[in-house]
Amino acid sequence: MSAADFIEITPGALAPETCAAIVARMRASAQLHPGEIGGGVYPELKRSRDLAISDRADWADVAQQLNVAVFGGLTAYLRKYPQALIAPLMLQQPGADGTLQRLTAEDFADMDGKRLAGLVQTCLRPGKINLQWYTAGEGGYPYWHCELYPRDASGETLHRHLLWTLYLNDEFSAGETEFLFQQRKVAPRTGDLLIAPTAFTHTHRGNRPERGDKFIATSWILFQRAETLYGGG
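These figures come from a predicted structure and were not determined experimentally. (Residues numbered from 1 in each chain as written. Predicted model: local features only at pLDDT ≥ 70, side-chain atom pairs only at ≥ 80, totals over all residues. Heavy atoms only, no water.)

Within the protein chain, the secondary structure is distributed over six helices and 16 strands. Taken against the 2.2 N^0.38 rule, which gives 17 Å for 233 residues, the C-alpha radius of gyration of the protein chain at 18 Å falls within 12% of a compact globule. Over its C-alpha atoms, taken along the principal directions, the protein chain stretches across nearly 60 × 45 × 35 Å. Going through the 233 residues of the protein chain one by one, you find that 45% of them count as buried. For the protein chain, restricting intrachain contacts to residue pairs at least 6 apart in sequence, the fraction spanning at least 24 positions comes to 75%. Here the protein chain has roughly 11900 Å² of accessible surface; of this, 54% comes from carbon and sulfur atoms. (Helix = DSSP H or I, 4+ residues; strand = E, 2+ residues; numbered from the N terminus. Rg over C-alpha atoms; globule rule 2.2 N^0.38 Å. Buried < 20%, exposed > 50% of the residue type's maximum accessible area, 1.4 Å probe, protein only. Contact = heavy atoms within 4.5 Å. Areas by Shrake-Rupley, 256 points an atom, 1.4 Å probe, with all protein chains shown as cover.)

What follows is the structure in structure tokens.
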């Protein structure tokens, strides 16, 4: 049995026609801007045209479609790796007699979808979604990086638990998401969803697409903040 690399692909998480419609809207948008990393524009590290859509009313329908697709992939991920919730949070829930009982990995196997969804929504929250357009032979994110870092005083970027990428097209060659330590390249396929941990163990880069432009949606799954999980200010 091979060791787990914690990189999961959900094929067809979003329908091809939905992906094509998002790409068409991106191509027509006048709101795209040079892609940023770490709060700045560094084209030598990442070269793209981006659009943050989570706070835009005119893109609310797309954000909803993406979040629904990601939620399905996330619940499947947690059924396979329940330790992603159990290990950091030491979860407890009321048992049949009303007393709190510590959840184990085995509990996730029999947990019905509604209960698991409630647990996910209690512990985790969606990040802001960024649409990205990488031009053939030019665009890419070749710098090896991870998603967990002390970016701001609020510690928001330290709450990132899992990263996700949803591939919106595949009419190009190369352009893989490449993970350094796992020595794995994920080839984009329209509608596929990639989920992986955010820490340095999953250092990765986005290779340059060739013979066609690459379109993706990306974000993170974050822990709820401490005041939400545990109360207090």
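Now that the structure is up, let's keep going.
Grouped together as the largest cluster of nonpolar side chains are 44 residues, with contacts concentrated most on L66, L131, W164 and L166. Put simply, the parts of the chain that give this core at least two residues each are α1 (16-28), α2 (60-80), α3 (83-89), α5 (113-123), β7 (130-134), β9 (160-167), β13 (193-197) and β16 (214-223). Setting aside residues up to four positions removed in sequence, W164 forms contacts with L66, V70, I129, L193, L194, I195, A217, T218, S219, W220 and I221. Core analysis: the second largest hydrophobic core is formed by eleven residues, I7, I37, Y141 and F179 among them. (Core = buried A, V, L, I, M, F, W, Y, C linked by side-chain atoms within 4.5 Å.)

Overall, antiparallel pairing links the four strands, which are arranged β8-β14-β11-β12 in an open sheet. Whereas interior strands pair on both sides, the edge strands pair on one side only; in this sheet they are β8 (141-145) and β12 (184-186). When the angles between neighbouring strand axes are averaged without regard to direction, this sheet yields 15°. Two elements, strand β11 (residues 177-179) and β12, share three bridges in a ladder whose sense is antiparallel. What sits directly across from F179, in β12, is R184. (Pairing = 2+ DSSP bridges. Axes fitted to C-alpha atoms, helices over the stretch in contact; angles between N-to-C directions.)

Attention now goes to a nonpolar patch on the surface. On the surface, a cluster of nonpolar side chains totalling about 320 Å² of accessible area is made up of L180, F181 and F200. Residue position: F181 is located in the loop between β11 and β12. (Patch = residues over 30% accessible without salt bridge, like charges linked within 9 Å, V, L, I, M, F, W, Y side chains within 5 Å. Salt bridge = Lys/Arg side-chain N within 4 Å of Asp/Glu carboxyl O.)

Turning to the packing of α1 against α2, a few remarks are in order. Packing of α1 against α2 brings their axes to within 12 Å, and their N-to-C directions diverge by 145°. Relative to α2, the crossing made by α1 is left-handed. Along its contact with α1, which presents T18, I22 and R25, the element α2 presents D61, V62, Q65 and L66. Of the residues that constitute the contact of α1 with α2, the class distribution is three nonpolar, two polar and two charged. (Left-handed = near helix turned anticlockwise from the far one by under 90°. Nonpolar A, V, L, I, M, F, W, Y, C, P; charged D, E, K, R; others polar.)

One can describe the packing of α2 onto α5 by two numbers: an axis separation of 11 Å at closest approach and a directional angle of 100°. It follows from the interaxial angle that α2 and α5 lie roughly perpendicular. Residue-level contacts link F71, L74, T75, L78 and R79 of α2 to G113, L116, A117, V120 and Q121 of α5. Taken together, the residues of the contact of α2 with α5 sort by class into six nonpolar, three polar and one charged. (Parallel < 35°, antiparallel > 145°, perpendicular 65-115°, else oblique.)

Here we take up the packing of aromatic side chains. Within the structure shown, the criterion is met by three aromatic pairs. An angle of 55° between the planes, with centres 4.9 Å apart, marks the rings of F6 and Y81 as tilted. Residue F6 is located in the segment before β1 (8-10), and its partner Y81 is located in the loop between α2 and α3; the two are separated by 75 residues in the primary sequence. Residues W133 and F215 carry aromatic rings whose centres are separated by 4.9 Å and whose planes lie at 35° to one another, so their mutual orientation is tilted. (Phe/Tyr/Trp six-rings, centres within 6.5 Å; stacked < 30°, edge-to-face > 60°.)

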